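If you want the building blocks of each chain, they are given just below.
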Amino acid sequence: MTSTSNRQILLIEKPTGKLGPEHFKLSEAAMPEAKDGEALLRVRYISLDAANRAWMHGATYRSAVEANSVMAGGGIAEVVSSKAEGLAPGDIVFADTGWQDYAALPAKHLTRMPRIEPLTYLLSVYGIAGLTAYFGLLDIGKPKAGETVVVSAAAGSVGSIVGQIAKIKGCHVVGIAGGKDKCHWLTAELGFDAAVDYKDGALFKALRAAAPKGIDVYFDNVGGEILEACLPQMNNYGRIACCGAISQYDGAPSATGPRGVPGLIVVKRLVMQGFVVLDYMKERDRALVDLQGWVASGQLKVQEDVIDGLENTPKALIGLLAGENRGKRMVKV
Ligand SMILES: NC(=O)c1ccc[n+]([C@@H]2O[C@H](COP(=O)([O-])OP(=O)(O)OC[C@H]3O[C@@H](n4cnc5c(N)ncnc54)[C@H](OP(=O)(O)O)[C@@H]3O)[C@@H](O)[C@H]2O)c1
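A brief structural summary. These numbers come from a predicted model, not from an experiment. (Residues numbered from 1 in each chain as written. Predicted model: local features only at pLDDT ≥ 70, side-chain atom pairs only at ≥ 80, totals over all residues. Heavy atoms only, no water.)

### Quick word on the sheet that holds strand 1 (residues 5–11)
Then comes step 1: Pairing within the open sheet is antiparallel, and its 3 strands lie in the order 2-1-4. The two strands at the open ends of the sheet, each matched to only one other strand, are strand 2 (24–30) and strand 4 (69–70).
Then comes step 2: Summarising the sheet, strand 1 and strand 2 pair through 7 bridges and their orientation is antiparallel. The residue bridging Ser5 from the neighbouring strand is Ala30, located in strand 2. (Pairing = 2+ DSSP bridges. Helix = DSSP H or I, 4+ residues; strand = E, 2+ residues; numbered from the N terminus.)

### Some remarks on helix 5 (residues 203–210)
Then comes step 1: Buried residues of helix 5: Leu203, Leu207 and Ala210, and no others. Projected onto a plane normal to the axis of helix 5, the buried residues spread over an arc of 65° and lie on a single side. Residues of helix 5 that are exposed and angled more than 90 degrees away from the buried face: Lys205 and Ala209.
Then comes step 2: Next to the buried residues of helix 5 lie strand 9 (148–152), strand 10 (172–177), strand 11 (194–197), strand 12 (215–220) and helix 6 (224–230). (Buried < 20%, exposed > 50% of the residue type's maximum accessible area, 1.4 Å probe, protein only. Arc of directions from axis to C-beta. Contact = heavy atoms within 4.5 Å.)

### Let's talk about the packing of aromatic side chains
To describe a pair of aromatic rings, you give the distance between the ring centres and the angle between the ring planes.
Then comes step 1: Tallied over the full model, the rule gives 6 aromatic pairs.
Then comes step 2: Between Tyr134 and Phe135, the aromatic rings sit 5.2 Å apart at their centres with planes inclined by 80°, giving edge-to-face as the arrangement. Across the pair, exposure class does not vary: Tyr134 and Phe135 are buried alike.
Then comes step 3: Seen in terms of ring centroids, Phe135 and Tyr280 are 4.6 Å apart; in terms of plane orientation they differ by 15°. Their pairing is stacked. In this pair, Phe135 is assigned in helix 2 (residues 128–141) and Tyr280 in the loop between strand 14 (271–274) and helix 8 (284–297), connecting sequence segments 145 residues apart. Of the two residues, Phe135 and Tyr280, neither departs from the other in class, the shared state being buried. (Phe/Tyr/Trp six-rings, centres within 6.5 Å; stacked < 30°, edge-to-face > 60°.)

### Focus on helix 8
Then comes step 1: With 14 residues, helix 8 extends 20 Å between its outermost C-alpha atoms, agreeing within 8% with the 20 Å of an ideal straight helix rising 1.5 Å per residue.
Then comes step 2: Buried within helix 8 are the following residues: Arg284, Ala287, Leu288, Leu291, Trp294 and Val295. Viewed end-on, helix 8 has its buried residues packed into an arc of 135°, placing them on one side of the element. When the buried face of helix 8 is taken as reference, the exposed residues oriented beyond 90 degrees from it are Asp285, Val289 and Ala296.
Then comes step 3: Against the buried residues of helix 8 lie strand 8 (111–113), helix 2 and helix 3 (157–168). (Expected span 1.5 Å × (residues − 1).)

### Some remarks on the pairing of strand 5 (residues 75–82)
Then comes step 1: One ladder, built from 7 bridges, connects strand 3 (residues 38–47) with strand 5; its direction is antiparallel. By the bridge assignment, Leu41 is partnered in strand 5 with Val79.
Then comes step 2: Bridge count between strand 5 and strand 6 (residues 92–95): 4 bridges; the pairing is antiparallel. Residue pairing across strands places Ala77 opposite Val93, the latter belonging to strand 6.

### What to know about the packing of helix 2 against helix 8
Then comes step 1: Axis separation between helix 2 and helix 8 bottoms out at 10 Å; the angle between their running directions is 105°. It follows from the interaxial angle that helix 2 and helix 8 lie roughly perpendicular. Judged by residue contacts, Gly130, Leu131, Tyr134, Phe135 and Asp139 of helix 2 engage Arg284, Arg286, Ala287, Leu288, Asp290, Leu291 and Trp294 from helix 8. (Axes fitted to C-alpha atoms, helices over the stretch in contact; angles between N-to-C directions. Parallel < 35°, antiparallel > 145°, perpendicular 65-115°, else oblique.)

### Some points on the site of the ligand
Then comes step 1: Around the ligand sit 28 residues, and of these Ser157, Val158, Lys182, Tyr198 and Asn325 come closest.
Then comes step 2: The contact in question runs from a nitrogen atom of the ligand to an N or O atom on the backbone of Cys243, over 3.0 Å.
Then comes step 3: With respect to the ligand, the side chain of Asn325 contributes an N or O atom lying 2.5 Å from an oxygen atom.
Then comes step 4: Protein burial of the ligand: of its 930 Å² of free accessible surface, 91% is covered by the chains.
Then comes step 5: Of the residues assigned to the shell around the ligand, the class counts are 17 nonpolar, 10 polar and 1 charged. (Near = heavy atom within 4 Å. Polar contact = N/O pair within 3.5 Å; in protein donor to acceptor, adjacent residues only side chain to side chain. Areas by Shrake-Rupley, 256 points an atom, 1.4 Å probe, with all protein chains shown as cover. Nonpolar A, V, L, I, M, F, W, Y, C, P; charged D, E, K, R; others polar.)

### Topic: the environment of Val65
Then comes step 1: Structurally, Val65 is set in the loop between helix 1 (50–54) and strand 4.
Then comes step 2: Taking the relative accessible area as the measure of exposure, Val65 reaches 4% and is therefore buried.
Then comes step 3: As for Val65 and Lys14, which are separated by 51 residues in sequence, their C-alpha atoms are 8.6 Å apart.
Then comes step 4: Setting aside residues no more than four positions away along its own chain, Val65 makes contact with Leu11, Lys14, Trp55, Met56 and Ala72.

Structure follows, in structure tokens:
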């Protein structure tokens, strides 16, 4: 790369089945220039999110990503030059930079971030992952000490934090994750009370054994069969925080929804509520105070999975959807 060019990863075709490397292309464009009101950014870390794949299906809480454009994605970036008031070279921002080395974006689309070390924490525990876990669990799940909290995709970036916060709040915590190693990690390293391997084939029974008093709060990252297994095990007046549906993202959507909806929701008087973390940004500071305190005291362990090189971004997302990651996956550009 020369200093006058900008490497970009383009989404060249929207997948109809599973996402593969053939859907992306590495390309080079001219270095963008900041117009009035914009800043030129050097992208430092790109966040890999299950939602990147969901955006390919159509508009969600943001517009859909389109073929033959730079793949969308959040990132931590450093201001190189600025034609916007209040932004100066060296400032650190979070933005939808897309998968590229540089981006010129309007200041109103940038979120100023503190320059902390390691910078990666701005994408993991103090970024979208940590805030999603915090607000989804505490504001939607409303766990009380002694209750049982179950979280799916428990070894992922959001789930690993959800389970640890639930432990801090005095709950019995059960994680659901793919594979023995991840399950062992959840209990041995992160302090979960139990972990269930959903790939083992006996999810319903294993969940019953791990949550013998039933489930009070289910933090749902995956939807599909795992939601269906949790529903009948919910206690009366339980809460289901609908965070995402990763089991439905990579391929054609399943023909049927989980059984038990709405019957079990009625008889068990359940509250099932979706949320989008962006709605909580005005309250971010109160979450950060707690999250920083828990990290400093060692009650909250931060797990990151940093992959080197912009060119490896497609592979990193495909691997995340297949369950390669533990904790927050990102690419160092
Ligand atoms: N509502 C919001 O504001 C908000 C914000 C951020 C994220 N989210 C959502 O939160 C969820 C978790 O995101 P994340 O960033 O924590 O995930 P992540 O770290 O990106 O990890 C995803 C994990 O999901 C698991 N997984 C993949 N396919 C699965 C399947 N079919 N069934 C069960 N588990 C599967 C894999 O682990 P295994 O090895 O365990 O399968 C994978 O490692 C996603 O649904 C995402 O869209 C929502």
